[in-house]
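What follows is the residue order along each chain.
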Amino acid sequence: MIPTASMSDIAFLLIIFFMLTTSFSPERTSVELPESIVRTEVTDQASIIAIKEDGTIMFTSGEEPAYELTGPNELAQVTEDIVRLVESKEFVIKADRNVPYQMVDSVLDALRSNGARNIGLLTRPEPKTSAAVQ
């Protein structure tokens, strides 16, 4: 006879373990990031502004799933509301490498003009090149 009571206890413990250890990323917009040599870490609570190749702006404050904004003007209002609550809030721009710089600049202006002071650009590491052997 196999004791099934302990099997159900183990199953519930595994379910609780996976529920507590799973992390969800609120921002999953797929963009091709530019490369960079210098990198710093981003906090988990950072607001993320994703700019797709077609110019669509997606936003998350870091606590809810990303949603689409109508443009830099709406981003300005959202930024003002967030900075009013958390003055040192970190904002990260995640722009596709093919987005025109004017679009990134308008997003930067919307952030800066509404009180955001901690702004970063998300990049991917530059591929390492091997030195030629002489």
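The structure presented is a predicted model; accordingly, all values stated were derived computationally and were not measured. (Residues numbered from 1 in each chain as written. Predicted model: local features only at pLDDT ≥ 70, side-chain atom pairs only at ≥ 80, totals over all residues. Heavy atoms only, no water.)

Details of the overall build of the protein
Stated precisely, the cut-off is as follows: Put simply, DSSP H or I for four residues or longer makes a helix, DSSP E for two residues or longer makes a strand, and each gets a number counted from the N terminus. Throughout, exposure labels follow a simple rule: accessible area from a 1.4 Å probe, protein chains only, divided by the maximum for the residue type, with under 20% read as buried, over 50% as exposed, and the rest as partly exposed. Here, residues are in contact when the closest pair of their heavy atoms is within 4.5 Å. All accessible-area figures derive from a Shrake-Rupley calculation using a 1.4 Å probe, and residue coverage is judged against the displayed protein chains alone.
Regarding its fold elements, the protein presents three helices and seven strands. Ordered by position from the N terminus, the helices and strands of the protein form the series α-β-β-β-β-α-β-α-β-β. Every one of the 134 residues in the protein was classed for burial, and the buried ones make up 32%. Considering only residue pairs separated by 6 or more positions, the protein has 66% of its internal contacts joining residues 24 or more positions apart. With the model as given, the accessible surface of the protein reaches about 9600 Å², and the carbon-plus-sulfur share is 57%.

Some words on helix 2 (residues 72-85)
To be explicit about the condition: In this analysis, the expected span of each helix is defined as 1.5 Å times one less than the number of residues it contains.
The end-to-end C-alpha separation of helix 2 is 20 Å, in line with the 20 Å expected for 14 residues at 1.5 Å each. Of the residues making up helix 2, those classed as buried are Leu75, Ala76, Val78, Thr79, Ile82 and Val83.

Remarks on the sheet that holds strand 3 (residues 57-60)
Counted only if it meets this: Pairs of strands are assigned from DSSP output, requiring at least two bridges between the strands. Lines fitted to the C-alpha atoms define the axes, with helices restricted to the stretch that makes contact. Angles between their N-to-C directions range from 0 to 180 degrees.
Spatially, the five strands line up as an open sheet ordered 4-3-2-5-6, and their pairing is mixed. Either end of the sheet is taken by a strand with one partner, and the two such strands are strand 4 (67-69) and strand 6 (118-121). Taking each pair of neighbouring strands and ignoring which way they run, the sheet shows an average axis angle of 25°. Examined bridge by bridge, strand 2 (residues 47-51) and strand 5 (residues 90-95) share five bridges and lie parallel to one another. Along strand 5, the bridge assignment pairs Ile48 with Val92.

Points about helix 3 (residues 101-112)
What counts here: When we speak of the arc, we mean the arc of directions from the helix axis to the C-beta atoms.
Under the 1.5 Å per step criterion, the end-to-end length of helix 3 is 16 Å for 12 residues, consistent within 8% with the ideal 16 Å. For helix 3, the complete set of buried residues consists of Met103, Val104, Val107, Leu108, Ala110 and Leu111. Burial along helix 3 is one-sided: seen end-on, the buried residues are contained in an arc of 160°. Among the exposed residues of helix 3, those pointing more than 90 degrees away from its buried face are Tyr101 and Gln102.

A short note on the packing of aromatic side chains
Put simply, the rule reads: Under the pairing criterion, centres of Phe, Tyr and Trp rings, with the six-membered ring standing for Trp, must be within 6.5 Å; the plane angle then separates stacked pairs below 30 degrees from edge-to-face pairs above 60, leaving the rest tilted.
For the structure shown, the criterion picks out two aromatic pairs. Residues Phe17 and Phe18 carry aromatic rings whose centres are separated by 5.2 Å and whose planes lie at 70° to one another, so their mutual orientation is edge-to-face. Using a relative accessible area of 45% as the deciding quantity, one classes Phe17 as partly exposed. Considering the side-chain rings of Phe59 and Tyr67, the 6.0 Å spacing of their centres and the 75° angle between planes classify their relative orientation as edge-to-face. You can call Tyr67 partly exposed: its relative accessible area is 33%.

Some remarks on the confidence of the model for the protein
Here is the rule we go by: What pLDDT conveys is the predictor's confidence in a given residue, as a value from 0 to 100.
Residues with a pLDDT of 70 or more make up 78% of the protein, whose mean pLDDT is 82. Within the protein, strand 3 carries the highest mean pLDDT (92), whereas strand 1 (residues 35-36) carries the lowest (68).

So, the pattern of salt bridges
Charged atoms that come close allow side chains of opposite charge to pair. Formally: Just to be clear on terms, a salt bridge is a Lys or Arg side-chain nitrogen sitting within 4 Å of an Asp or Glu carboxyl oxygen.
For the structure shown, the criterion picks out two salt bridges. In this structure, the salt-bridge partner of Arg84 is Glu80, at a minimum N-O distance of 3.3 Å. Taken as a pair, Arg84 and Glu80 lie in helix 2 at a separation of four residues, close to a single helical turn. Within this structure, Glu80, Asp81 and Arg84 form a network of salt bridges that share partners.

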